[in-house]
Structures are given as C-alpha cells and as structure tokens.
Amino acid sequence: MAHCAYCGSHVAQVSFIPCASCGNPTNGAPPRPVTGGTNVMALVIGIAVAGLVLIALLGILAAIAIPNFLTAMERSKQKRTMADIRLIATALEAYGTDHENEEYPAGTYAEELRAPLQPMYLKTLPALDGWGTGIRYMPLPNHGYVIASAGKNKTFELTSLEQVPRGTTSNFDCDIVYSNGEF
C-alpha cells in the first residue's frame, strides 16, 4: 500500500492527485497554488481610492478651467461691444461726410440712430452691448460724438460723456467709451 508523502495516510496510488486527508499531492510534489478566490474587500478599496483620485483630478481641472472660461466669456462680450461701437462710429462718419453742414444725429441711445443710419449706412444697428444694456450716444458740439457702453455691471460710472479717461482696462465693469476715433 502507498502512503502520502506529506501526511503519511494510506492512499490507493501515489500521484499528483490530492490526498484526501491533507489535500497535497500524494507523490510529494509542491502543492498547487490556491486560485479562484479574490479578496473582495481589497478590490472595493482599490476602486474607491481610484474614484477619489479621479474626483480630485477633475476638481483641480475645474478650478483651473472655469475661471479662465468665465474670463474668456466676459472678454468676448467686451470685444463684441467694442466692434459694435466701431461699426456705429463708422456709420456716423459716413453720415457726417454726406451731411457736411449738419451736426451728427441727435439722440441719447444708439437705438435712436436707427432712422438716420439704417439702411443707408448700416444694414442693422447694434443697439445693445454684449451684456444686454443699451449703447449710449451723444453728439458733441463742433462735429463730434461719443458712444459708450456701461460694461458688465450695467451701470454708467461717467456723469458726463464729454470728458472721459483714455486707455485700456482689463476690468469688465468699466465703461467702454469711444470718442474722436479712439477708445
């Protein structure tokens, strides 16, 4: 009769077949590694950690991207407003060339320029700035004019459109004023 090489119990035959008592091969070969079982808790913890890392990365990207996106949106509204103001100024210059002895049209808002400028000098008159506020207009004595937008805060800081500071700004709340061919 044959005996298991690991536990010494009686077996019918010595081979790679596992012993009924100890589970090891009866011929003394190294035991086969245990397969098939996984540690479910380790898998859950691994997935949770990976998820937290992903959420943290998305949060960092959002913290960087959202302010830049909002600034770009405001800058595009500012540039669109400046382009619309230039368009109105070009139409006013053409009007002034055709009406040499007259002053520029009277009015307070760009909307009031629709009758004298459309359709001869402009196909459509932009009356609102990028933030939805009416564009202001004022003819000046001595054949001049001022065109202005209130900016993001929709409030005109200027009490008089005749004397305005010049220069560029990165503050979107500042008024955008065009006079004598410059902002």
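Above this text sits the structure in question.
Here the structure is a predicted model, which is why all the values come from computation and not from measurement.

A. Looking closely at the nonpolar core. By size, the foremost hydrophobic cluster in this structure holds 23 residues, and its most contacted members are I88, L92, L117, Y145 and I147. Listed by contribution, the elements that provide at least two residues to this core are helix 1 (40-98), strand 4 (144-149) and strand 5 (176-179). Sort the elements by how many residues they give to this core and helix 1 lands first, with seven residues.

B. Spotlight on the pairing of strand 5. Every second residue of strand 5 is oriented toward a common face, with I176 and Y178 on one face and V177 and S179 on the other, all of them buried. Across four bridges, strand 4 lies against strand 5 in antiparallel orientation. For S149, the partnering residue across the bridge sits in strand 5 and is I176.

C. A look at the sheet that holds strand 4. Strand order in this open sheet of three strands is 3-4-5, and the pairing throughout is antiparallel. The open sheet has two free edges, formed respectively by strand 3 (136-140) and strand 5, since each of these has just one partner strand. Pairs of neighbouring strands in the sheet enclose a mean axial angle of 15°, with direction left out of account. Packing against the sheet, helix 1 makes contact with strand 3, strand 4 and strand 5, and its axis sits at approximately 160° to strand 4.

What counts as what
Residues numbered from 1 in each chain as written. Predicted model: local features only at pLDDT ≥ 70, side-chain atom pairs only at ≥ 80, totals over all residues. Heavy atoms only, no water. Core = buried A, V, L, I, M, F, W, Y, C linked by side-chain atoms within 4.5 Å. Buried < 20%, exposed > 50% of the residue type's maximum accessible area, 1.4 Å probe, protein only. Helix = DSSP H or I, 4+ residues; strand = E, 2+ residues; numbered from the N terminus. Pairing = 2+ DSSP bridges. Axes fitted to C-alpha atoms, helices over the stretch in contact; angles between N-to-C directions. Contact = heavy atoms within 4.5 Å.

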